[in-house]
Amino acid sequence: MGSVQVVTTVLAAAITVAAVWLAVRAVLRMVSVIRLGQPDPERFTDRGTRLRTMLVETLGHTRMLRWSVVGAAHWFVMVAFIVLSLLVLEAYFEVVTPTGGLPVIGSWTVYGLVTELIGVLGVVGILVLIAVRLANRPGNPKRRSRFTGSTMWQGYFVEAVVLAVLVCGFLIRGFKVATDHFEFPFWATPVSHAVGNLLPAWSAGTSVTALVKIAISMTWVIVIALNVTMGVAWHRFAAFFNIFFKRNPGRPGSGLGGLRPMMSRGKPLDLEEADPESDQFGVAHVEQFTWKGLLDFTTCTECGRCQSQCPAWNTGKPLSPKLLVLSLRDHAYAKAPYLLAGGGKDLTGEEKGTPEQLAKVDALALAEADRPLVGGVEEGGVIDPDVLWSCTTCGACVEQCPVDIEHIDHIVDMRRYQVLIESSFPAEAGVMLRNLENKGNPWGAPPDTREDWTKGLGFEVPRVGEVDDFEYLFWVGCAGAFEDRAKKTTRAVATLLHEAGVSFAILGEGETCTGDPARRMGNEFLFQMLAQQNVETLNEAFEGREKSRRKIVATCPHCFNTLRNEYGQLGGEFEVVHHTQLLAHLVATGRLVPVQPVDGGLTYHDPCYLGRHNRVFTPPREVLDAAVRGGAADGRAGSLIELPRSQERSFCCGAGGARMWMEERIGRRINVERVEEALSTGARTIAVGCPFCSTMLNDGVNGKGAADRVEVVDVATVLLRSVKPAGPEKSAPTVPAEAGA
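Below: a short report on this structure. (Residues numbered from 1 in each chain as written. Predicted model: local features only at pLDDT ≥ 70, side-chain atom pairs only at ≥ 80, totals over all residues. Heavy atoms only, no water.)

Quick word on the nonpolar core
Counting 126 residues, the largest nonpolar core has Met414 and Leu538 as the members making the most contacts within it. Each residue touching leucine 538, except ones within four places of it in the same chain, is listed here: Leu473, Trp475, Leu507, Ile552, Leu563, Tyr567 and Phe574. Among the nonpolar cores identified, the runner-up in size contains 38 residues, and Met30, Val95, Ala210 and Met218 belong to it. (Core = buried A, V, L, I, M, F, W, Y, C linked by side-chain atoms within 4.5 Å. Buried < 20%, exposed > 50% of the residue type's maximum accessible area, 1.4 Å probe, protein only. Contact = heavy atoms within 4.5 Å.)

Thoughts on the pairing of strand 6 (residues 575–578)
Across a regular strand the side chains alternate sides, sitting on one face of the sheet and then on the other. Burial along strand 6 is one-sided: the residues Val576 and His578 are buried and none of Glu575 and Val577 is. Two strands pair when backbone bridges link them, and strand 5 (residues 551–554) and strand 6 are joined in this way by 4 bridges, in the parallel orientation. Within strand 6, the residue paired with alanine 554 across the bridge is histidine 578. As for the winding sense of the linkage, the β-α-β connection from strand 5 through helix 24 (residues 557–565) to strand 6 is right-handed. (Helix = DSSP H or I, 4+ residues; strand = E, 2+ residues; numbered from the N terminus. Pairing = 2+ DSSP bridges. Right-handed = clockwise from strand over helix to strand, strands pointing away.)

Topic: the sheet that holds strand 4 (residues 504–505)
One open sheet holds the 4 strands; their spatial order is 4-3-5-6, and the pairing between them is parallel. Each edge of the sheet is formed by a strand with only one pairing partner; in this case those strands are strand 4 and strand 6. With 2 bridges joining them, strand 3 (residues 472–475) and strand 4 adopt parallel strand pairing. Each bridged residue has a counterpart across the sheet, and for tyrosine 472 the counterpart in strand 4 is phenylalanine 504. Across the face of the sheet, helix 25 (residues 579–588) comes into contact with strand 3, strand 5 and strand 6 while running at roughly 80° to strand 6. (Axes fitted to C-alpha atoms, helices over the stretch in contact; angles between N-to-C directions.)

Some words on the sheet that holds strand 8 (residues 640–642)
Ordered in space as 8-7-9-10, the 4 strands form an open sheet in which the pairing is parallel. The open sheet has two edge strands, strand 8 and strand 10 (711–714), and neither has a second partner. Pairwise comparison of adjacent strand axes, ignoring direction, gives a mean angle of 35° for this sheet. When strand 7 (residues 602–604) meets strand 8, the two strands line up parallel, connected through 3 bridges. Within the sheet, the bridge partner assigned to leucine 602 lies in strand 8 and is leucine 640. Against the sheet, helix 28 (residues 691–703) makes contact with strand 9 (685–688) and strand 10, and its axis sits at roughly 155° relative to strand 9, the strand it touches most.

Listed below in structure tokens is the structure:
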């Protein structure tokens, strides 16, 4: 060992010891903060599925690759980060001696080939990511950046470190080539040989460069250890755990669909027995999130994919899912010293910590502890009320998040406290809640008019109780029973089922709201009251039937989602399908035969709660494709025109999350944004599969002055027009009056 190697060895050891000590301290701090969260025992079930899902998502990059070029580049960088960690380890041998290398595998040609290939692809990948970040920098006036609000220096720092470490790897190999100490042939490591041909035969070059490589790597460790909220770096470790502990590992769209029940001490809360002084009603303080929630906040990569897809953010509203998560993360870690010292408020609002426990807590942590979780600027709130109430719960953020953060659950938990304890929510939504409580529907319509839509159909619609044997219970829903445009869909579906010979029955006045708007609003008490009433009614209607014969068809995706994914929490187990799924089956089996092609072009808007939340993408398109063809087999028929943002990336209509009953006062209207996109396709018919979407898009079309040339109708109405054409003389036939046109 020469004098240079003595110096490089000592310096490498010193910086490594310091970095490891700081890293261990940082990890312990992060774990202690995450453990402040509430219990969530369901996260430990089905560990085999969790492990498999985690490996598929991380190693396969299944979520990241939805972003094609960026996803591929990130995969190469991830592999380089993992595999080339071996080269960082090898650098510790190289600071000791210029000819050093990893024991055993360090001389294998296959090792040299693989690390060479990964190194090259890693350099290409990180350069692509740097270019993407620069092109999308927040200061770019030509586009709204998904990186707005991200800590940009951290991203640049991490990417620079990765690039520098990869370059140092090739320089080390180059110096070995130049000094004739390289063990791998040219064909396996051509880049290293090319670099070596450009470098001098400096005998100490290998050890010095290895020291630089170690110093850069350990500097990275030190920096992230001193910045525990540096998610752009820490997600490399935390993401594995966050994905493993996701809510529904075996379900496509985990974190979507049904909401988690309101929890207290790790158990679902029964509101008939709950006590606000001893049970937690939603989330009032950051430590009342579950430990998985705190892990979510810790894991955020600040990539902004959620932000780029959010309908609220894209229409100038203050909500950014990313910034919401970052605000909660920063608040949690700033407040942590106070909480770890024993501080905190009990459920009555009294301080739990003693003066002695809090005496040594930093003043900044005490000040952070005094901030309300939800509050305006003048109150110093962590989350502004306008941010909280801008959410449509469309699920675009959850769908796009590469590390499976569950934004909607956290937003609804905060809403629950605001509604149930603080009674703080948009005033206009109070009318909807009172209507649900008093009339059983958000419109406040008389319950005895629920069956009015059946008048004039030309056939009798059976009621449960009047017939003993029916295959499907047709869940009409509040919109389908009371809202004029939705009633047309209800009549069209009933007509099609009748035409196909499907045995069905309705509850009529026995039906009440599923409670979806109350639950998304945060009023869990009202949801449970309505849901329990419906579960009792449905269980009575299906008495004696096994689950496979307890079939429900619903036209509203919000009803569909609640019946399918949430009533099981209250003892209601049913087989629930959306009407487009049933109609697609009837068309495929020949029980409904389209004969009249749809003229003028047809596009389809994916409802969030049908598509993203419940993965029903294909059946509506199968129905519409059949209607567009209208039985034509000569290839001259038209085809469905896809919207630029469709299926998983469909853009919300703006009505979800109880926003249907709230005024949209900030920014552009979400429905107008979506209508403009639909109008750009040139289609004369915009098909929908949701009564809320129908209302919002119809309003948008009217607002754009396009009602004379574009029509918004349900998939069922499109099919009915094709199955029962009004007449060959009409190029764009309408639904017959008896079908509710």
